[in-house]
Amino acid sequence: MSDLSSLPAVEKLAAALSPEVSLPRPLVNLFVRREIQTFREKLIAEERHSREEMEASIKESLHAFENSRLQPVINATGVLIHTNLGRSPLGPRAAGALQKIATGYSNLEFDLPSGARGKRAGYLETALACLLETEAATAVNNCAAALVLTLRTLVADGKNEVIVSRSELVEIGGGFRIPEILETSGAKLVEVGATNKTHLYDYEKAITAQTALILKVHRSNFYIGGFVGEPEIPEIAELCKKHGFPLVEDLGSGAMMNTEDLAPIDHEPTPQECLRRGIDLVIFSGDKLLGGPQSGIIGGRADLIAEIKKEPFFRAVRCDKLILTTLQESIDQYLEVRADPASSDVPVLTFLGTSTKDLRDRAEKILSGFSSGNVAVSIEDTLARPGGGTMPRAEFPSIALKLVPSNQSVPKLAKKLRVGSPALVGYTTDDALFLDLRTIFPADDACVAKALAQVL
Ligand SMILES: *Cc1c(COP(=O)(O)O)cnc(C)c1O
């Protein structure tokens, strides 16, 4: 096979297409070469294409690749913690701290008063423990890593059984399944109870000399109802204490406030509540309802946290300075606004608490001075969701712009907005595109109006 990159025609085509996209030239060359190779193979298979067809196809794939570059997106889905859209945005305070630490040197592992080597994340760990009202805490790269690390630390040869209720064998998504996480961690899963009911005696009967711990997993992305039941946490905690092994809970979301005070939704259990009820170690994500950076937080008994920090795997999943600084800011802010979490600058909490009247006013403003030719635009009452594997049942009132195009299909209109600049992502039903105001930053309203004016 001849080297396509050396062909002048390939070079010429790449040069011609390069100004159409904002991509480094070597990537344009790579794409043009790849695409031409595909057309070559088609030609050999006797599939004919005109030069125009080829160029159009190459241009399209170049644009698709350009769109795959990590970039800001306006979230008009009404899903607050959208895993595909980066979960929780950081507040201005955390983002400001990130800028400062990222662009300079810091005391990451340096003790300023003594001038000697310092403890990494010492401040954060103390602040976390204080916020969680517990003995100790630490943070790693994400909740999945925190769980694997905790299990690896607490299971040992000859003492590797982890008891989990059959109603909590959760799949979180993105390859996270409790049975597989246990296996990866060297733990042996001992399932107890039934899908709908687990009794205290189920746990009790499963305890052997090999039991390492009991694991509770919060049903953060599904719910069960009807003939259901499970023992209270204090009862399970007492059982664990009696037998001398810990009770660990994978809580998932990590809400730091009463969610029901912010919006008409259920109460999401907080890590503090879990610990008060007798959980020895609680594990949760930093970028779900907490609204911080991607991280996994572990809080609880000091002796267990100390063991976790000594486990060699801890080194492999430790946070870098950028995460540590944004998490530190997020935690400090919760400590400061404790009495009034709604006054924090965490965007998901602000979005959760915004009134529908405010959303409607903004929707009207976006549409003012708007002449809809080929699209019927209206303001609709909708439902927003927390998303991101938190409170699967919760839906609360929201406001959306409903767009019904008459001269193009709904998917086509939706795509135009998605590939615009900035990208605008809504959701579609059979006959309409919805842009939900609840998850749009008010500062982006003007961009939304502009994007609409452009495509309509
Ligand atoms: C979201 C979630 C996880 C995974 O958290 P990551 O931070 O994405 O690793 C684990 N367990 C539960 C119960 C969750 O809800």
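Keep in mind it's a predicted model, so treat the numbers as computed, not measured.

What counts and what doesn't
Residues numbered from 1 in each chain as written. Predicted model: local features only at pLDDT ≥ 70, side-chain atom pairs only at ≥ 80, totals over all residues. Heavy atoms only, no water. Helix = DSSP H or I, 4+ residues; strand = E, 2+ residues; numbered from the N terminus. Buried < 20%, exposed > 50% of the residue type's maximum accessible area, 1.4 Å probe, protein only. Contact = heavy atoms within 4.5 Å. Areas by Shrake-Rupley, 256 points an atom, 1.4 Å probe, with all protein chains shown as cover. Expected span 1.5 Å × (residues − 1). Near = heavy atom within 4 Å. Polar contact = N/O pair within 3.5 Å; in protein donor to acceptor, adjacent residues only side chain to side chain. Nonpolar A, V, L, I, M, F, W, Y, C, P; charged D, E, K, R; others polar. Domains from an automatic or database assignment. Pairing = 2+ DSSP bridges. Axes fitted to C-alpha atoms, helices over the stretch in contact; angles between N-to-C directions. Phe/Tyr/Trp six-rings, centres within 6.5 Å; stacked < 30°, edge-to-face > 60°. Lys NZ or Arg CZ within 6 Å of the ring centre and 35° of its normal. Salt bridge = Lys/Arg side-chain N within 4 Å of Asp/Glu carboxyl O. Arc of directions from axis to C-beta.

Undergrad: Looking at this structure, I do not really get the overall build of the protein chain. What am I missing?
TA: On a plain count of helices and strands, the protein chain comes out with 18 helices and 17 strands. When its C-alpha atoms are laid out on the principal axes, the protein chain stretches across 75 × 60 × 55 Å. Across the 456 residues that make up the protein chain, the buried fraction comes to 47%. Across the protein chain, the fraction of contacts at a sequence separation of at least 24, relative to all contacts at a separation of at least 6, is 73%. Element-wise, carbon and sulfur atoms account for 52% of the exposed surface of the protein chain, whose accessible area totals about 22,300 Å².

Undergrad: How should I be thinking about the environment of Val217 in this particular structure?
TA: Looking at where Val217 falls in the secondary structure, it is placed in strand E9 (residues 211-217). Taking the relative accessible area as the measure of exposure, Val217 reaches 3% and is therefore buried. Distance in space between the C-alpha atoms of Val217 and Val282 is 10.0 Å, their sequence separation being 65 residues. The contacts of Val217, once residues within four sequence positions are left out, are Val164, Glu168, Val170, Ile178 and Asp250.

Undergrad: What's the story with helix H14 (residues 321-336) in this structure? I'm lost.
TA: Working note: α-helix, 3.6 residues per turn, so residues spaced by three or four point in the same direction. Compared with the 22 Å implied by 1.5 Å per residue over 16 residues, the 22 Å span of H14 between its first and last C-alpha is a close match. For H14, the set of buried residues is Ile323, Leu324, Thr325, Thr326, Leu327, Glu329, Ser330, Ile331, Asp332, Gln333 and Tyr334.

Undergrad: I would appreciate a short explanation of the site of the ligand in the present structure.
TA: Around the ligand, 13 residues are found, and the nearest of them are Arg87, Ser220, Asp250, Ser285 and Lys288. Within the contact set of the ligand, a nitrogen atom lies 2.7 Å away from a side-chain nitrogen or oxygen of Asp250. Ser285 is positioned with one of its side-chain polar atoms (N or O) 2.7 Å from an oxygen atom of the ligand. Compared with its free state, where it exposes 390 Å², the ligand has 94% of that area covered by protein. Its residues placed into classes, the shell around the ligand shows four nonpolar, six polar and three charged.

Undergrad: Looking at this structure, I do not really get the domain arrangement of the protein chain. What am I missing?
TA: Note on interface size: it is often stated as the accessible area lost on association of the parts. Domain annotation of the protein chain identifies domain 1 (4-67), domain 2 (73-86 + 351-455) and domain 3 (92-343). The C-alpha-based centres of domain 1 and domain 2 are spaced at 35 Å.

Undergrad: It is not clear to me how the pairing of strand E5 (residues 161-165) should be interpreted in this structure. Could you clarify?
TA: Remark: a regular strand shows side chains that alternate across the two faces of the sheet. For E5, the tally of buried residues reaches five of five residues, placing the bulk of the element in the interior. Alignment of E5 against strand E8 (residues 188-192), held across five bridges, turns out to be parallel. Residue Val162 lies in a different strand from E8, and its bridge partner there is Leu189. Where E5 and E9 come together, three bridges link them in parallel fashion. When the sheet's bridge partners are listed, Val162 is paired in E9 with Leu213.

Undergrad: Can you help me understand the sheet that holds E5 in this one?
TA: Strand pairing within a sheet occurs via backbone hydrogen bonds; the two strands may be parallel or antiparallel. Pairing is mixed across the open sheet formed by seven strands, whose spatial order is E4-E12-E11-E10-E9-E5-E8. Each edge of the open sheet carries a strand with a single partner, namely strand E4 (136-140) and E8. Looking at each pair of strands side by side, their axes are set apart by 25 degrees on average, direction ignored.

Undergrad: Mind showing me how you'd approach the packing of aromatic side chains here?
TA: By convention here, two paired aromatic rings are described through the distance between centres and the angle between planes. Here the structure, examined in full by the defined rule, presents three aromatic pairs. A centroid spacing of 4.9 Å and a plane angle of 75 degrees characterise the contact between Phe351 and Phe441, whose relative ring orientation is edge-to-face. Placement of the pair is Phe351 in helix H15 (residues 347-353) and Phe441 in the loop between strand E17 (433-436) and helix H18 (445-455), with a sequence separation of 90 residues. Note on Phe351: relative accessible area 6%, which makes it buried. Since its relative accessible area comes to 33%, Phe441 is described here as partly exposed. Above the plane of the ring of Phe313 lies Arg152, whose end atom (NZ or CZ) is 4.9 Å from the centre. The ring of Phe227 is capped by Lys197, whose NZ or CZ atom sits 4.1 Å from the centre of that ring.

Undergrad: Would you mind going over the side chain of Arg120 with me for this structure?
TA: As for its position among the elements, Arg120 is in the loop between strand E3 (116-117) and helix H5 (122-132). By relative accessible area, which is 17% here, Arg120 ends up buried. A distance of 2.7 Å separates the side chain of Arg120 from the backbone oxygen of Cys319, its partner in a polar contact. Residues within four places of Arg120 in sequence aside, it is in contact with Leu108, Glu109, Arg318, Cys319, Asp320, Lys321 and Leu324.

Undergrad: Sorry if this is basic, but what is going on with the pattern of salt bridges here?
TA: Where side chains of opposite charge bring their charged atoms close, a pairing between them can arise. Going through the model one piece at a time under the given rule, you end up with 26 salt bridges. Arg360 is the partner of Asp381 in a salt bridge, and the nearest nitrogen-oxygen pair spans 3.2 Å. Of this pair, Asp381 sits in strand E13 (residues 375-384) while Arg360 sits in helix H16 (residues 356-367), and the two are 21 residues apart along the sequence. Since its relative accessible area comes to 61%, Asp381 is described here as exposed. Here the salt bridges share partners, and the residues they tie into one network are Glu109, Arg117, Arg120 and Arg318.

Undergrad: Can you help me understand H18 in this one?
TA: Within H18, the full set of buried residues consists of Asp445, Val448, Ala451, Leu452 and Val455. Relative to the axis of H18, the buried residues are bounded by an arc of 120 degrees and lie together on one face. Turned more than 90 degrees off the buried face of H18, the exposed positions are Ala446, Lys450, Ala453 and Gln454. Buried residues in H18 make contact with strand E1 (73-75), H16, strand E14 (396-405), helix H17 (410-418), strand E15 (423-425) and E17.

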